[in-house]
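# Structural description and commentary
Here is how the chains run, residue by residue.
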Amino acid sequence: MDALITCFLGNDAILHLADYNWWFLYFVLTLLGAFLIWLDEYEWGLFRLNGFTKLFDVVSINFSRAFHHHRGACLPTVLFQTCLDEPMLFWILFFTVAFIITIRSRRKQNVVAFFHPYCNAGGGGERVLWCALRTMQHKYPHQQCVIYSGDYDATKEQILLKAKQRFGITIDPRNVRFVFLRLRRLVEADIYPRFTLVAQTLGGLVLGFEALLKLNPSIFIDSMGYSLTLPLFRWIAGSKVAAYVHYPTISCD
């Protein structure tokens, strides 16, 4: 990027990457503020958005002020100044930080969780899941294994029995626990006639949020390809994350 700018505008036009970030943040906030003002102007929705447009105005002004007058200012400085100008943002940040602290304080040690909402389907991806679970039990017998499952109409014994009958894989039920999820319907394709893949990905995020509220493990493994669950459990929950994607949500075939 620096070489391209130098080629067209000369050496005096070189900017640092941090300057691009400031401009990008300022540009995005300005667009969001303009969009909300447009919505507010036409009174879309069931309520007016005066509070939100005011908030984005304050944030945009503070970013602009920091960029033009305090080139060395960092993001926390801008947010702090914005909180002083707009209490609404302060309370949003306060409850967000409080939520993250609460979630992380509930993290269970020595718990490995597999995110597999269709663990009772009996397909190839489920065979991989049960093989991985059996290996975990053999190598790390003191670790508790948890499976996030959407098959709440079946019991633990029924699910493990089906795995044994279909794949010949015997799982020790003593250190296996199932956390049943009620929102699995959100990741099924038939309810999204438009933007199906995007909607399924966002639905996977909501389903992962339900899983996080029910149990925060020390290690989280996504074995079905719901990619947004990985940053959710890594950044919000503070868990170590891994993924084995046997059947990805989006593929090239």
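See the structure above.
The text that follows walks through the structure, step by step, so that each part is easy to find. (Residues numbered from 1 in each chain as written. Predicted model: local features only at pLDDT ≥ 70, side-chain atom pairs only at ≥ 80, totals over all residues. Heavy atoms only, no water.)

Before going further, it helps to spend a moment on the overall build of the protein. Within the protein one finds 9 helices and 5 strands. Going through the 253 residues of the protein one by one, you find that 37% of them count as buried. Long-range contacts, defined as pairs at least 24 residues apart, comprise 65% of the intrachain contacts of the protein with a sequence gap of at least 6. Just so you have it, the protein exposes about 15,700 Å², and 64% of that area is on carbon and sulfur atoms. (Helix = DSSP H or I, 4+ residues; strand = E, 2+ residues; numbered from the N terminus. Buried < 20%, exposed > 50% of the residue type's maximum accessible area, 1.4 Å probe, protein only. Contact = heavy atoms within 4.5 Å. Areas by Shrake-Rupley, 256 points an atom, 1.4 Å probe, with all protein chains shown as cover.)

What follows concerns the sheet that holds strand β1 (residues 107–115). Strand order in the open sheet made by the 5 strands is β3-β2-β1-β4-β5, with parallel pairing throughout. Only two strands of the sheet have a single neighbouring strand rather than two, namely β3 (176–180) and β5 (240–243). Pairs of neighbouring strands in the sheet enclose a mean axial angle of 25°, with direction left out of account. The sheet contacts of helix α6 (residues 124–139) involve β1, β2 (144–149) and β3, and relative to β1 the element is tilted by about 150°. The strands that helix α7 (residues 156–167) touches are β2 and β3; relative to β3, the one it contacts most, it runs at about 115°. (Pairing = 2+ DSSP bridges. Axes fitted to C-alpha atoms, helices over the stretch in contact; angles between N-to-C directions.)

This brings us to the environment of S105. In this fold, S105 is placed in helix α5 (residues 87–105). When its relative accessible area of 59% is taken as the criterion, S105 is described as exposed. Remark: the alpha-carbon pair of S105 and G238, spanning 133 residues in sequence, is separated by 9.7 Å.

What follows deals with unusual backbone geometry. Trans is the common state for peptide bonds, and a negative phi is the common state for residues other than glycine. In this model, N110 sits at a positive phi of 60°, which is unusual for a non-glycine residue. Checked against the element boundaries, N110 lands in strand β1. The class for N110 is partly exposed, based on a relative accessible area of 48%. Even without being glycine, F195 reaches a positive phi, approximately 50°. Examined against the element boundaries, F195 turns out to sit in the loop between β3 and α8 (196–214).

This next bit is on the pattern of salt bridges. One pass over the full model with this rule turns up 5 salt bridges. Of the charged contacts in the structure, one is a salt bridge between R184 and D151, with a shortest N-O distance of 2.8 Å. With R184 in the loop between β3 and α8 and D151 in the loop between β2 and α7, the pair connects residues that are 33 residues apart, well separated along the chain. Neither R184 nor D151 differs from the other in exposure class; each is buried. R174 serves as the salt-bridge partner of D172, at 2.8 Å between the closest nitrogen and oxygen. Classification of D172 by relative accessible area gives partly exposed; the value is 26%. Look at R174 and you get exposed, because its relative accessible area is 74%. Each of R185, E188 and D190 takes part in a single network of salt bridges with overlapping partners. (Salt bridge = Lys/Arg side-chain N within 4 Å of Asp/Glu carboxyl O.)

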